[in-house]
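Listed below, chain by chain, are the residues.
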Amino acid sequence: MPAKATHATLLAGGDAVYDRRARQGSVPVEFHFDDGSTLDGALILTTAELERLYAQTSRLLDAHERALGGTP
């Protein structure tokens, strides 16, 4: 049975790139598998997905600030 992916993390030293022609963003990630192995890859996002991810990560950062006692 093949190993299953458990999660992905941002690839250290990688930088997000936007392809204007394809209208997609690419974020380098490292996939982690339940057998302990990893694989480098990319998260490819359309413009709509980039906007949704931006909104979601903004909410996460706001929650983080509130948890630290800040006032966003």
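Cut-off values and rules
Residues numbered from 1 in each chain as written. Predicted model: local features only at pLDDT ≥ 70, side-chain atom pairs only at ≥ 80, totals over all residues. Heavy atoms only, no water. Helix = DSSP H or I, 4+ residues; strand = E, 2+ residues; numbered from the N terminus. Rg over C-alpha atoms; globule rule 2.2 N^0.38 Å. Buried < 20%, exposed > 50% of the residue type's maximum accessible area, 1.4 Å probe, protein only. Contact = heavy atoms within 4.5 Å. Areas by Shrake-Rupley, 256 points an atom, 1.4 Å probe, with all protein chains shown as cover. Lys, Arg positive; Asp, Glu negative; His and termini not counted. Charge placed at Lys NZ, Arg CZ, Asp CG, Glu CD.

Caption draft 1: Expanded view of the overall build of the protein chain. Across its full length, the protein chain holds one helix and four strands. Overall, the protein chain shows an N-to-C arrangement of helices and strands of β-β-β-β-α. Radius of gyration (C-alpha) of the protein chain: 15 Å, far over the 11 Å computed for a compact globule of 72 residues. Oriented by its inertia axes, the alpha-carbon framework of the protein chain measures out at about 45 × 35 × 25 Å. Here the protein chain holds 72 residues, and the buried ones make up 8% of them. Considering only contacts in the protein chain between residues 6 or more positions apart, those separated by 24 or more positions represent 24%. Entry remark: accessible area of the protein chain is about 5,900 Å², with carbon and sulfur atoms responsible for 56%. Where the 7 positive side-chain charges of the protein chain centre and where its 10 negative ones centre are 10 Å apart.

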